[in-house]
Structures are given as structure tokens and as C-alpha cells.
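Here are the chains, one letter per residue:
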Amino acid sequence: MSDPEADMEKMSRRSFFKGAGAVAAAVAVAPGCERPAPPRPPYSFFNADEASFVEAAVARLIPADETGPGALEAAVPTYLDRQLGGAWGGGERLYRSGPWQPGKPEQGYQLRFTPAELFRAAMRAIIEDLRATNRGSFAKLPAEDQDAYLRTLERESKDLGGVPSNIFFGSLLEMTIEGFFSDPVHGGNKDMVGWKLIGFPGAYANYYELVDQHGIAFKPPPMSLAQSAGDHAHPEPAPKRN
């Protein structure tokens, strides 16, 4: 049987994304590829400590490297902030009447938390854990220690304020990937870096001008919903304040 960790060492996260546009796990930034962090945007959901953790964590999950920008440069934290501070984060369409019993994997999410409550509880526990163990903040840990901490969250079910750490890690990873590849109208995928990485054309409403042309590569730049919908989309809604 192969060793999953050894297998991941052979395949970088970004090379996997580029080839398949799908899920992978954390890798280190290639030497010489470190880039200055972009200015921190205004957040409506995250407080300063939470923003510091999220920005550092997503930068380890999809790091910038020789193939292009990573999750931080793609404004993935902004995507998370908008989702968690909006109707989805508040569990608008989430069944919340219990009973709250452990379920089987095929039964999906079984906790009583809304997405916003889940993230807030888990991040608070992580911040307190790092301070209690004299490690300061996650953002100030060396990269290898950040990766080790994230792997611990992923592989264990440590209690994070009532949230199993592996559930939180899975949610964080899933939302990071969403923010990297979803339409920029939702706050992430800044400059469509995720789409450019995998060659996805985006949200072209039609291909009328090309319908009678055959054998020609489609190479126009990717298009966002905000571009194809004209005035009917709101790419930068004003953030709500806490």
C-alpha cells in the first residue's frame, strides 16, 4: 500500500490543480518564490486575530509558487469573509432542528453549528491553543510548523470549542479551493488567477460568433459573471460591519 504522505511529496498542490483543477493538500513554497503579502482588505466577519489566522492558513493550503499566485494573492480570505458573513454563513438553508448525533460519512454534516458558528468557534480555540502553548500566533510560526499544525487539525478530531478539528480543516480546505476557483463576483479568484491556471474560460454567456467555426482553439481571456451580466451583477457589494 502506498504512503499518502510520500505520494503528496511527489506532487505539488499547484501542479495537481494545473493538471486536474481539483483537490490536494499542503506543500511548502518553492525557494525564491516568496511574495510580499497584499494589503489586508476590510473584513465584515473576521476580527483581526481571525483574519491573521485565515490569511496565513490559506497561504499554506494554496501557496504562491513558480506557476503563479496563491490563495492569499487570489483574495481567498475575502471570499471566506463574504460567505461566512452572509446568508450561507448564517445557515439560511441549513437544517438545524436536530437530533445532533454522530452520523456516517455518507450522511454528511451533522453538527449543530452554522458555518459562521463553526468557523468562529474553531478559530477562537486555535488562537487560544497557540497562545496557551507559548507559540504566539499561527501567522508568526515558521512555514514548516504551520504545515505541521494544519496536518494535526486534518488528521485528528481535537475539540475546537465543540468542533472536531478534522471537520474544521475540511471546511477550511473546501472553502479555500472554492475561493480560488469560483467566479470573482463572489470575492475570490482575484484577476481570475485560478481560471488562468487551469485554462478555464469563465462565464461566457454564448459563443454565437464562433458557432460556425471549427478546429480553432478558444483563447480569449476568461470572463466573470460580472462582465457577462452587465449591470445585473454586483461584484463588490459593500461589506457589512460587525
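In the block above lies the structure referred to throughout.
Note that the coordinates shown come from a computational prediction; the quantities given were computed from them, not determined experimentally. (Residues numbered from 1 in each chain as written. Predicted model: local features only at pLDDT ≥ 70, side-chain atom pairs only at ≥ 80, totals over all residues. Heavy atoms only, no water.)

Observations regarding the overall build of the protein
Thought 1: For the protein, the helix and strand inventory stands at nine helices and two strands.
Thought 2: Counted from the first residue to the last, the protein has its helices and strands arranged as α-α-α-α-α-α-β-β-α-α-α.
Thought 3: Expressed as a percentage of its 242 residues, the buried residues of the protein come to 39%.
Thought 4: Within the protein, residue pairs in contact and separated by at least 24 positions form 63% of the contacts whose partners lie at least 6 positions apart.
Thought 5: Only carbon and sulfur atoms are counted for the fraction: they give 55% of the accessible area of the protein, which is about 14000 Å². (Helix = DSSP H or I, 4+ residues; strand = E, 2+ residues; numbered from the N terminus. Buried < 20%, exposed > 50% of the residue type's maximum accessible area, 1.4 Å probe, protein only. Contact = heavy atoms within 4.5 Å. Areas by Shrake-Rupley, 256 points an atom, 1.4 Å probe, with all protein chains shown as cover.)

What to know about the pattern of salt bridges
Opposite charge on two side chains makes pairing possible when the charged atoms of those side chains draw close.
Thought 1: Under the defined criterion, the tally for this structure stands at six salt bridges.
Thought 2: A salt bridge links Arg60 to Asp147, with the shortest nitrogen-to-oxygen separation between them at 2.9 Å. One end of the pair, Arg60, is in helix α3 (residues 48-61); the other, Asp147, is in helix α6 (residues 143-155), and 87 residues separate them in sequence.
Thought 3: The exposure class of Arg60 is buried, given its relative accessible area of 5%. (Salt bridge = Lys/Arg side-chain N within 4 Å of Asp/Glu carboxyl O.)

Comments concerning the packing of aromatic side chains
Thought 1: Under the defined criterion, the tally for this structure stands at 11 aromatic pairs.
Thought 2: Consider the rings of Tyr43 and Phe46, whose centres lie 5.7 Å apart with planes at 75 degrees: the pair is edge-to-face.
Thought 3: A relative accessible area of 10% places Tyr43 in the buried class.
Thought 4: When its relative accessible area of 4% is taken as the criterion, Phe46 is described as buried. (Phe/Tyr/Trp six-rings, centres within 6.5 Å; stacked < 30°, edge-to-face > 60°.)

Regarding the environment of Arg120
Thought 1: Relative to the assigned elements, Arg120 resides in helix α5 (residues 115-132).
Thought 2: Remark: the alpha-carbon pair of Arg120 and Phe45, spanning 75 residues in sequence, is separated by 9.3 Å.
Thought 3: Discounting residues that sit within four places of it in the chain, Arg120 has contacts with Phe45, Phe46, Asn47 and Glu50.
Thought 4: Within the structure, the side chain of Arg120 is placed 2.4 Å from the backbone oxygen of Phe45, a separation counted as a polar contact. (Polar contact = N/O pair within 3.5 Å; in protein donor to acceptor, adjacent residues only side chain to side chain.)

Topic: the environment of Gln83
Thought 1: Secondary-structure assignment places Gln83 in helix α4 (residues 76-85).
Thought 2: When the C-alpha atoms of Gln83 and Ala116 are compared, they prove to be 8.5 Å apart, with 33 residues separating the residues in sequence.

Re the packing of α4 against helix α7 (residues 165-181)
Thought 1: Across the interface, α4 lies against α7 with an axial gap of 8 Å and an inter-helix angle of 110 degrees. Judged on the interaxial angle alone, α7 and α4 are roughly perpendicular. Crossing of α4 against α7: the hand is right-handed. For the pair α4 and α7, the contacting residues are Val76, Tyr79, Leu80, Gln83 and Leu84 in the first and Leu172, Met175, Thr176, Glu178, Gly179 and Phe180 in the second.
Thought 2: Across the contact of α4 with α7, the residue classes break down as seven nonpolar, three polar and one charged. (Axes fitted to C-alpha atoms, helices over the stretch in contact; angles between N-to-C directions. Parallel < 35°, antiparallel > 145°, perpendicular 65-115°, else oblique. Left-handed = near helix turned anticlockwise from the far one by under 90°. Nonpolar A, V, L, I, M, F, W, Y, C, P; charged D, E, K, R; others polar.)

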